[in-house]
Amino acid sequence: MTDESSVERRARRTGLENFLAGWSFTLGGSLFAAGAFLAQTGAELVIVNVTYLVGGFFFSLGGWLSILASAAGSRARASALVLFVGTLLFAVSLVAAFVEGFTPRQSNTWIWFPDMAGCVCFLVSGHLAMLDVGYGRIRIRPGDPDWWIAAVNQAGSYLFLLAGLAAFVRPATSEPVNVGLVNWGTFAGAVCFAVAGIIQVCVFRRWSRGTANRWDA
């Protein structure tokens, strides 16, 4: 096997970062989906919250790895940065969910508002990703797996936003606007991110086989 150039080493590292990011989003999405399902079926609140919190960790890890895997100054880097900020805002909401005895106002301030801000960050990140894979425009490119990753993630972001809007706690009742929509919207959005993560992992595996054959030649 010939010595690798710096470009080849960078390509391998970027590929590995994308691979790990894909698995992180797959795990994060899967755990978020599990948390939403547990909430809908009446599981203990602490179990639901822990499941969400661990899922949020993997979302943040995936966001950080996406920053490392993208080129400085690119739309992909901007998309990853905004996504990572969104995961940190989600983390505030997820940690605050462990606090008991919040008033509706406190719940909306510490749980709902950071969650909504995170949803907006995810939507902005997804828009930048769609521009990136569309070379500056929003295009439909079904033959490009990177487009599918961006498009499926963006669909998940819209579902998260819908769930977030329904999670607003009404002061008059101290209950969310629509609990079912919160849980099923979160579930569907999380599944989208898990599916996009699987696609990302598969893209890396196909890419790595091709580069390995080239470097071994």
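Before any of the text, the structure's been laid out above.
Being a predicted model, the structure only gives us computed values, none of them experimental.

### Re the overall build of the protein chain
A tally of regular secondary structure across the protein chain gives six helices and two strands. A compact globule built from 217 residues should have a C-alpha radius of gyration of about 17 Å, and the protein chain, at 19 Å, falls within 12% of that. Seen through its principal axes, the protein chain has C-alpha atoms that stretch 70 × 35 × 25 Å. Looking at the 217 residues of the protein chain, the share that counts as buried comes to 42%. Taking as baseline every contact in the protein chain between residues at least 6 positions apart, the subset at least 24 positions apart corresponds to 68%. As displayed, the protein chain offers around 11300 Å² of accessible surface, 68% of which is attributable to carbon and sulfur atoms.

### Overview of the layout of surface pockets
Empty space within the largest pocket amounts to approximately 1100 Å³. Contributing to the lining of the largest pocket are 34 residues, with Ala 97, Ile 111, Ala 167, Pro 176 and Val 182 lying nearest its centre. When contributions to the lining of the largest pocket are tallied by element, the ones reaching two or more residues are helix 1 (6-40), helix 2 (45-69), helix 3 (75-96), helix 4 (104-133), helix 5 (145-166), strand 2 (175-176) and helix 6 (179-216). The leading source of residues in the lining of the largest pocket is helix 4, at six residues. Residue classes in the lining of the largest pocket are distributed as 22 nonpolar, nine polar and three charged.

### Observations concerning helix 5
Taking 1.5 Å per residue, 22 residues should reach 32 Å; helix 5 reaches 32 Å between its end C-alpha atoms and fits that length. N-cap assignment for helix 5: the residue whose side-chain oxygen lies 3.0 Å from the backbone N of Asp 146 is Asp 144.

### Observations regarding the nonpolar core
Ranked by size, the top nonpolar core spans 21 residues in total, and within it Phe 32, Tyr 52, Phe 59, Phe 122 and Phe 160 carry the most contacts. Put simply, the parts of the chain that give this core at least two residues each are helix 1, helix 2, helix 3, helix 4, helix 5 and helix 6. Non-local contacts of Phe 32, meaning those with residues more than four positions away in its chain, are made with Tyr 52, Gly 55, Gly 56, Phe 59, Leu 94, Phe 160, Thr 186 and Ala 190. Judged by nonpolar contacts, the second largest core, of six residues, contains Ala 129, Met 130, Trp 147 and Ala 150.

### Looking at the packing of helix 3 against helix 4
The geometry of helix 3 relative to helix 4 is characterised by a closest axis approach of 8 Å and an angle of 165 degrees between their N-to-C directions. The pairing of helix 3 with helix 4 is recorded here as roughly antiparallel in orientation. Of the two elements, helix 3 crosses helix 4, and the hand of that crossing is left-handed. Grouping the amino acids of the contact of helix 3 with helix 4 by side-chain chemistry returns 20 nonpolar, six polar and three charged.

### Some remarks on the side chain of Ser 79
Note on placement: Ser 79 falls in helix 3. By relative accessible area, Ser 79 is classed as buried at 8%. Aside from chain neighbours lying at most four places away, what touches Ser 79 is Ser 125, Leu 128 and Ala 129.

Definitions and limits used
Residues numbered from 1 in each chain as written. Predicted model: local features only at pLDDT ≥ 70, side-chain atom pairs only at ≥ 80, totals over all residues. Heavy atoms only, no water. Helix = DSSP H or I, 4+ residues; strand = E, 2+ residues; numbered from the N terminus. Rg over C-alpha atoms; globule rule 2.2 N^0.38 Å. Buried < 20%, exposed > 50% of the residue type's maximum accessible area, 1.4 Å probe, protein only. Contact = heavy atoms within 4.5 Å. Areas by Shrake-Rupley, 256 points an atom, 1.4 Å probe, with all protein chains shown as cover. 1 Å grid on protein atoms, 1.4 Å probe; cavity = no way out; pocket = protein on both sides within 12 Å on 5 of 7 lines; lining within 4 Å. Points joined across faces, edges and corners; volume = space filled by probe spheres on them. Nonpolar A, V, L, I, M, F, W, Y, C, P; charged D, E, K, R; others polar. Expected span 1.5 Å × (residues − 1). Polar contact = N/O pair within 3.5 Å; in protein donor to acceptor, adjacent residues only side chain to side chain. Core = buried A, V, L, I, M, F, W, Y, C linked by side-chain atoms within 4.5 Å. Axes fitted to C-alpha atoms, helices over the stretch in contact; angles between N-to-C directions. Parallel < 35°, antiparallel > 145°, perpendicular 65-115°, else oblique. Left-handed = near helix turned anticlockwise from the far one by under 90°.

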